[in-house]
Structures are given as structure tokens and as C-alpha cells.
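Coordinate analysis (summary)
If you want the building blocks of each chain, they are given just below.
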Amino acid sequence: MLAGSIAFLLPFFWMLSASFKLEGEVFTYPIQWLPEHWNAWANYKEVWVGKFPFYKYYWNSIKVTVATTAISALVSAMAAYGFSKVQFKASSYLFLIVLATYMVPSQAILIPQFILYRYIGLFDSHIGLILLSSFSVLGTFMLRQFFMGIHNEFIESAKIDGAGHWTIFTKIALPLVKPAIATYAILRFIWTWNDYQNPLIFLRTDKLYTIQLAMQKFTSINGAFYSLIMTAAVSAIIPLLIIFVIGQKSVIEGIATGGVKG
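Structure report, in brief. (Residues numbered from 1 in each chain as written. Predicted model: local features only at pLDDT ≥ 70, side-chain atom pairs only at ≥ 80, totals over all residues. Heavy atoms only, no water.)

Grouped together as the largest cluster of nonpolar side chains are 37 residues, with contacts concentrated most on F54, I211 and F218. Only α1 (2-18), α2 (40-49), α3 (54-85), α5 (110-120), α6 (126-132), α10 (178-193), α12 (211-221) and α13 (226-261) provide two or more residues apiece to this core. When residues in this core are grouped by element, the largest group, eight residues, is from α13. Not counting residues up to four positions away in its chain, the partners in contact with F218 are V47, F52, F54, L228, I229 and A232. Judged by nonpolar contacts, the second largest core, of 18 residues, contains F147, I150, F169 and Y184. (Core = buried A, V, L, I, M, F, W, Y, C linked by side-chain atoms within 4.5 Å. Buried < 20%, exposed > 50% of the residue type's maximum accessible area, 1.4 Å probe, protein only. Helix = DSSP H or I, 4+ residues; strand = E, 2+ residues; numbered from the N terminus. Contact = heavy atoms within 4.5 Å.)

With that settled, consider the packing of aromatic side chains. The tally for this structure, following the rule as stated, stands at 14 aromatic pairs. Where F114 meets F123, the ring centres are 5.0 Å apart and the plane angle is 75 degrees; that geometry is what we call edge-to-face. With a centroid separation of 6.5 Å and 45 degrees between ring planes, the pair formed by F114 and F202 is classed as tilted. Residue F114 is found in helix α5, and its partner F202 is found in helix α11 (residues 197-202); the two are separated by 88 residues along the sequence. F114 sits in the partly exposed class, given a relative accessible area of 25%. Grouping aromatic residues by their ring pairs yields a cluster made of W48, Y58, F189 and W193. The positively charged end of R118 is found above the aromatic ring belonging to F123, 5.1 Å away from the centroid. (Phe/Tyr/Trp six-rings, centres within 6.5 Å; stacked < 30°, edge-to-face > 60°. Lys NZ or Arg CZ within 6 Å of the ring centre and 35° of its normal.)

Locating K56 in the fold gives a position in helix α3. The sequence separation of K56 and G128 amounts to 72 residues, and the corresponding C-alpha distance is 19 Å.

Scanning the model with the defined rule gives one cavity of 30 Å³ or more in all. Around the largest cavity, the lining is made up of 14 residues, and of these V64, L129, T192, D195 and P199 lie nearest the centre. For the lining of the largest cavity, the elements supplying multiple residues, two or more each, are α3, α6, α10 and α11. Per-element tally for the lining of the largest cavity: the top contributor is α3, with four residues. Split into classes, the residues belonging to the lining of the largest cavity amount to five nonpolar, eight polar and one charged. (1 Å grid on protein atoms, 1.4 Å probe; cavity = no way out; pocket = protein on both sides within 12 Å on 5 of 7 lines; lining within 4 Å. Points joined across faces, edges and corners; volume = space filled by probe spheres on them. Nonpolar A, V, L, I, M, F, W, Y, C, P; charged D, E, K, R; others polar.)

The backbone phi angle of A90 is positive, close to 65 degrees, even though this residue is not glycine. On the secondary structure map, A90 appears in the loop between α3 and α4 (91-101). Take A90: its relative accessible area is 39%, and that puts it in the partly exposed class.

Attention now goes to a nonpolar patch on the surface. Judged by side-chain polarity, L2, I6, L9, L10, F12, F13, I31, W33, L34 and W38 come together as a nonpolar surface patch covering roughly 1100 Å² of accessible area. Along the chain, L9 falls in helix α1. When its relative accessible area of 40% is taken as the criterion, L9 is described as partly exposed. (Patch = residues over 30% accessible without salt bridge, like charges linked within 9 Å, V, L, I, M, F, W, Y side chains within 5 Å. Areas by Shrake-Rupley, 256 points an atom, 1.4 Å probe, with all protein chains shown as cover. Salt bridge = Lys/Arg side-chain N within 4 Å of Asp/Glu carboxyl O.)

Of the voids in this model, the largest pocket is the one considered here, and its volume is about 720 Å³. Looking at the largest pocket, it is lined by 19 residues, and the ones nearest its centre are Y102, S106, L132, F135 and R188. Broken down by element, the residue count for the lining of the largest pocket peaks at three residues, all from α10. Of the residues in the lining of the largest pocket, the class split is nine nonpolar, eight polar and two charged. Approximately 220 Å³ is the volume attributed to the second largest pocket. L9, F12, F13, M15, L16, V234, I237, I238 and L241 together form the lining of the second largest pocket. Going through the elements one at a time, α1 and α13 are the ones with two or more residues in the lining of the second largest pocket. The biggest single contributor to the lining of the second largest pocket is α1, with five residues. Along the lines of polarity and charge, the residues of the lining of the second largest pocket split into nine nonpolar, no polar and no charged.

This is how it looks when you write it as C-alpha cells:
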């Protein structure tokens, strides 16, 4: 496992090393893992505050990703609670219909979504981009499995004490499935941050671009300067590393809890 980990990490080490080098040293052979002439300050300054400043697109991605993650986690948790703990007619059939939508490729509904967004005025806006990913069938299914693990005696006891579903959901159910929600939130953050398709289709204004579109444009402008491209790539993955390091404990706890319940 150690050898495999090193093999998978080598490209990232090379990317990080290239971001510190002069352009002429990027493709030297044999590979120089430590730069002979450090040019990190100039490279990162050019990427962040140069002719194509990354900080603007970073803010766009952070805004869209954080809002999408928060809304999607809340909506998925509410839907999961409803399908698992609220008894109503045809609940199982409705849940099957929800699961069936997961089999429809996202590319198949791009044109109807595009037409709808143009019609209601959400095209080329961050609000529209956030709403596109605010509901997740996978998130609903994943969290439903955890909510089903909560004993119904807790729910019945709360109802006897006069608690409604909102109180039960916020005060009892959510704290018990916190690791699962944290796990889904981290996954949702990564998926949204790395999303290229939706911003490409639904954004047209340059100042609204997310980091993925900015990377593509930056590459087209600086295609011959691989030190700058690697610097931009390193900058793009920093938030993902931070989120994973912060939420690693919750992810492991959520997976372990799911395994025990299974």
C-alpha cells in the first residue's frame, strides 16, 4: 500500500515541484524534484494577481461550492428523513421514482434545463448554478440509509412529549447522523468544486467563471508556460486538500458507522 501510495502521489509531487521552477527547468531530464533555481514567488504572483488573476475565480468557486453544499446537504437530509421516518401513502413508490431519476444521465437533460433557465432568467448567474446541484438523489439515498438506522422508539417518545417532525428532525435525527451528513457534505463539496460541465453550459460572463473554467482559459492563454499551468493546478486543489484534512475524521467515522450498521 505504501508503494502504491507513492506511485499515485508522484504526479502531484512533480506538479508541485514544477510550480516552483523556472520554465526552462520544468522538463529537464533526469527529473529534478527540488528546483535548482526557485521561482515560486514569481509563478504564484503571476497566477494570483497577474494578467489573469485567480483570486476572482477562486471567490466565485468558493461562493458557488459552499452554497451548493449547504443547500444540498439540508435538502437531502430533509428528504431522507421524510422517506425514512414519516409514514404516508405511496412513500415507497415515490422513493422508487426518485431513485429512477438517478438512471437518467445528466447530459440527457441539459437542453431542457438550458431552455428553462433562459426562460425564467436564471441563465448566466451563480444562483442558477447553485440550484442545479441543490438536490442529489445519491445524497437522499445515502442519508436515508442512516436515518433508517435510528430506532423508532426515539421518534415515538418525542411525539408523546409533543414534538413535531421539525423538532424531531433538528433536535434528534440530525445529531445522530452527523457523521453521514459530514461525509456527504465533503463529497458534495469536491463534486461541485471540480464541476466543469454545468459552469461551461450555464455561464457566459467572464467575471462569473468558476475555477475550472478559469483553468481552461488560463491554459489556452499560457499553453507554452507549463510552470504557470502547474502553479494554477496546485492552487486549484488546495481547497480540496484543506476540506479533506479538516473532515477526514468525519468521513472515516461515517464510513465506519455505515459498515457497522450494514
